[in-house]
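# Descriptive structure summary
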Amino acid sequence: MTHALTLPRVRQWPPVLPVLAVIALLALPLTPGDEGGAGPADALSALVVVYCAIRLVRDRRRPLSRTAVVLLGLPVAGLALAAAGAASPGAGIGGMGRYLQVFVLVPAAVVLLIRDRGDFRLLAWTFVGLAVWQGAIGTHQYMTGTGASYQGQDIRAVGTFGASDVMGMATVVSFGLVCSVGLALGRNSVRQRAVAAGCAVALLLPLALSFSRGAWIATAVTCGAQLVLAGLRRALTVTAAVAATGVILVGGFGLGSAQLQERIDSVTRVTDAPDQSVTDRYTLWAAAAGMWREHPLTGVGLKGFPEHRDAHASLALSAGSDTEGAGADFRKQPLLSPHNMYLLVLAEQGLLGLLALAGCWLGLLVCGLRGLVRVRRDGPGLDCALVACGLLIWQLTDFLYADIGGPSTVLTAVCFGLVAWWALVGSGGTTAWGTVR
C-alpha cells in the first residue's frame, strides 16, 4: 500500500493568492537611497493583471458588471487626454501606465479574483499583518535611534521604506489600523474581534512615531466614521477606550511625548507659524492651482508638474526636503509633486480628469455606503463593509495631504480593489461564483 502526501489541488487555492504576494513583497527592505520608482511589488501587480486576464479567457465567467465597467473605466478618458498633452510621448505613456495601474487595472483584477467575503477578509488580515510587521520595525527604529532623521535625531519610524519614503510605513500602518477597526466592529467570532481590536491598539504607537500629520488626520477621521457607521453606542465606548490607551502610552510611559506634542501642536499652527514643510506645501498647492488656471480643461499633461513648477512657485519654496537616516546618507529630495492628489490631477489632467477620477471615487463611496446600510440592518458582512468604506474614506482624506508615488502606491491600488469589490459585487449577495458568504 502506497502513501502519498495529499496537497490541495491548484484549482482549490484561493485566486487571491497572487494579490497576497503583492502585499507580502512590501515587507521586504528597500535599497537605501531608492528613488521611489517601480519596485518588485509593482512588477508582481502587473503579473497579477495578466494572470487575471488569462483566467477570464480560460474560464469565460464572472465578467465585470456594466456599473463596474463604467466606474472603473471612467478615469481612462481623462487620462487619455492628459497623456496626449504630455511634454513627451514617454512621459505620457509612463504617467498613464501608473494611473491605470493604481486606479483601473489592479483594482479591476482584485475585483475579479475575490470570490467571496472569506477572500476579502483574508486580504484584510494580510493588510493587518503587514502593518504589524512594519510597525514593529518602526517602533524599534525609534527606540534604538536608527530611524529617519527628525529634528536632528534618527527617531522617525519608517519601517523598511527608508528615509526617502517617510510616508510609506505611515500609510501601511494606517491601512492596517483601519482594517483592524473594521474587523473588530463586525459580527465575527469573539476571538477574531478581540485579536483585531488588540492589533488596532498596538498599531497606534507606530502610527504616532511616524510623525506623519496627514496620516494622523486621515486615520482619526476614518476610525471616527467607522465607529459612527457601526453604531453610536459602540462609538462612545471605543472612543473612551482609545483615549485611555493614548493617555497611558503617551502620558504614563512618556513615549515620544516631547516630539509628539510638538508635532501635534504644529497641526494647529499651519496658518499662524507654519514650519518650512508646511510653507513648501502651500507654495506647491499654489503652483498647482496656477497651472490649472492656465490650462483649465486638460491641464499641463501627465508628469508635467515638475517641468512647470518653477514658473508658478513663489520664492518661498525651498530647494527640497532633507532626508537622512535609516541606513541612507544625507540628501536633498526634490519636491516634484504638490502633495495633494486633487491638485496634482487638476494641474496635470485639468477639470475633465479630476471629474473623471472623482466621479469614480464618489460612485464607489455611494455604492459602498449603500451596501453597508443593507448589511447593518440585516445580514452578514458588516466587517467587510466597514473595512471597505474605511479604506476609501482614509484614502480620500489622505489625498488632501499626499498623492501617489513610492513603493507603497501599489498598496493603494489593492485598497481600491477591495473597495470596488465590496461596492460593486460583495454587497449584492450573489456573484458568478455563487452566493457571497
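Residue numbers restart at each chain and count upward from 1, following the sequence in its written direction. In keeping with the model being predicted, local features are shown solely for residues with a pLDDT of at least 70 and side-chain atom pairs are shown and tallied solely at 80 or more, while totals for entire chains, interfaces and linings include all residues. Each side-chain value is derived from all of the structure's non-hydrogen atoms; neither hydrogens nor water enter the calculation.

We now examine the overall build of the chain. Of regular secondary structure, the chain possesses 15 helices and six strands. A simple rule labels every residue: compare its accessible area, found with a 1.4 Å probe on the protein chains alone, to the largest value its type can have, and call it buried under 20%, exposed over 50%, or partly exposed in between. When burial is assessed residue by residue, the chain has 51% of its 437 residues classed as buried. Contacts spanning at least 24 positions in sequence make up 78% of the contacts within the chain whose residues lie at least 6 apart. All accessible-area figures derive from a Shrake-Rupley calculation using a 1.4 Å probe, and residue coverage is judged against the displayed protein chains alone. For the chain, the accessible surface area stands at approximately 19,500 Å², while carbon and sulfur atoms represent 66% of it. In this text, helices come from DSSP runs of H or I with a minimum length of four residues, and strands from runs of E with a minimum of two, each type numbered from the N-terminal end. Whether two residues are in contact is decided by their heavy atoms: any pair within 4.5 Å suffices.

How two helices pack is summed up by the angle between their axes together with the distance between the axes. Relative orientation of the contacting elements helix α13 (residues 341-377) and helix α14 (residues 382-398) amounts to 160°, with a least axis distance of 10 Å. Here α13 is positioned roughly antiparallel relative to α14, judged by the angle of their axes. Like other packed secondary-structure pairs, α13 and α14 cross with a definite hand, here left-handed. Seen from α13, the contacting residues are Tyr342, Trp361, Leu364, Leu365, Gly368, Leu369, Leu372, Val375 and Arg376; seen from α14, they are Leu382, Ala385, Leu386, Cys389, Leu392, Ile393 and Leu396. For helices, the fitted line uses only the C-alpha atoms of the stretch in contact; every axis is such a line through C-alpha atoms, and the angle between N-to-C directions lies from 0 to 180 degrees. Angle categories are assigned with fixed cut-offs, so that under 35 degrees is roughly parallel, over 145 is roughly antiparallel, 65 to 115 is roughly perpendicular, and the rest are oblique. Crossing handedness is read from the near helix: turned anticlockwise from the far helix by less than a right angle, it gives a left-handed crossing, and turned clockwise, a right-handed one.

Attention shifts here to the nonpolar core. In terms of nonpolar packing, the biggest core is built from 120 residues, with Tyr99, Phe103 and Leu364 touching the most fellow members. For this core, the element with the highest residue contribution is α13, accounting for 15 residues. Non-local contacts of Phe103, meaning those with residues more than four positions away in its chain, are made with Leu72, Met341, Leu357, Trp361, Phe399, Ile404 and Phe416. Throughout this description, the term nonpolar core refers to a set of buried Ala, Val, Leu, Ile, Met, Phe, Trp, Tyr and Cys residues connected via side-chain atoms within 4.5 Å.

The subject of this paragraph is the pattern of salt bridges. One speaks of a salt bridge when a side-chain nitrogen belonging to Lys or Arg is within 4 Å of a carboxyl oxygen belonging to Asp or Glu. In total, this model carries four salt bridges according to the counting rule given. Among the ionic pairs, Arg115 bridges to Asp119, the shortest N-O distance being 2.9 Å. Residue Arg115 is classed as partly exposed on the basis of its relative accessible area, which comes to 24%. Here Asp310 and Arg309 are joined by a salt bridge, their closest N and O atoms 3.0 Å apart.

Moving on to the packing of aromatic side chains. In summary, the pairing rule links any two rings of Phe, Tyr or Trp, Trp by its six-membered ring, whose centres are within 6.5 Å, and it sorts them by plane angle into stacked for under 30 degrees, edge-to-face for over 60 and tilted for everything else. Tallied over the full model, the rule gives 12 aromatic pairs. Look at Phe103 and Phe416: their rings are 5.4 Å apart centre to centre, the planes differ by 75°, and that puts the pair in the edge-to-face class. Of this pair, Phe103 sits in helix α4 (residues 89-113) while Phe416 is found in helix α15 (residues 409-424), placing the two residues 313 residues apart along the sequence. Phe416 matches Phe103 in its accessibility class, with the two residues each being buried. Their ring planes at 40° and their centres at 5.3 Å tell us that Trp361 and Phe399 sit as a pair that is tilted. Placement of the pair is Trp361 in helix α13 and Phe399 in the loop between α14 and α15, with a sequence separation of 38 residues. Residue Trp361 shares its accessibility class with Phe399, and that shared class is buried. A network of ring pairs unites the aromatic residues Tyr99, Phe103, Tyr342, Trp361, Phe399 and Phe416 as a single cluster.

Here we take up the pairing of strand β2 (residues 153-156). Paired strands, in this sense, are two strands between which DSSP finds at least two bridges. With three bridges connecting them, strand β1 (residues 148-150) and β2 associate as antiparallel partners. When the sheet's bridge partners are listed, Ala148 is paired in β2 with Arg156. Joining the antiparallel neighbours β1 and β2 is a turn of two residues, in which Gln151 adopts a positive phi near 55°.

The span you would expect from a helix comes to 1.5 Å times its residue count less one. In this model, helix α3 (residues 66-84) (19 residues) spans 27 Å end to end at C-alpha, consistent with the 27 Å of a helix rising 1.5 Å per residue. At Gly73, α3 is bent by approximately 35°, the largest bend along its length, and proline Pro75 sits one to four residues beyond. Regarding α3, the residues found buried are Ala68, Leu71, Leu72, Pro75, Gly78, Leu79, Ala82 and Ala83. Tucked into the core, α3 has its buried residues touching α4, α13 and α15. The bend reported for a residue corresponds to the angle between axes fitted to the seven residues ending at that residue and the seven starting there.

With that settled, consider the confidence of the model for the chain. Think of pLDDT as the predictor's per-residue confidence, scored from 0 to 100. Residues of the chain with pLDDT of at least 70 account for 82%, and the chain-wide mean is 85. Across residues 430-435, confidence stays below pLDDT 50; counting only partners more than four residues off in sequence or on other chains, it has 16 contacts.

Turning our attention to unusual backbone geometry. In this structure, Phe211 is a non-glycine residue whose phi angle is positive, near 55°. The phi dihedral of His339 is positive, around 55°, even though this residue is not glycine. Among the structural elements, His339 can be located in the loop between β4 (328-333) and α13. With a relative accessible area of 27%, His339 lands in the partly exposed category.

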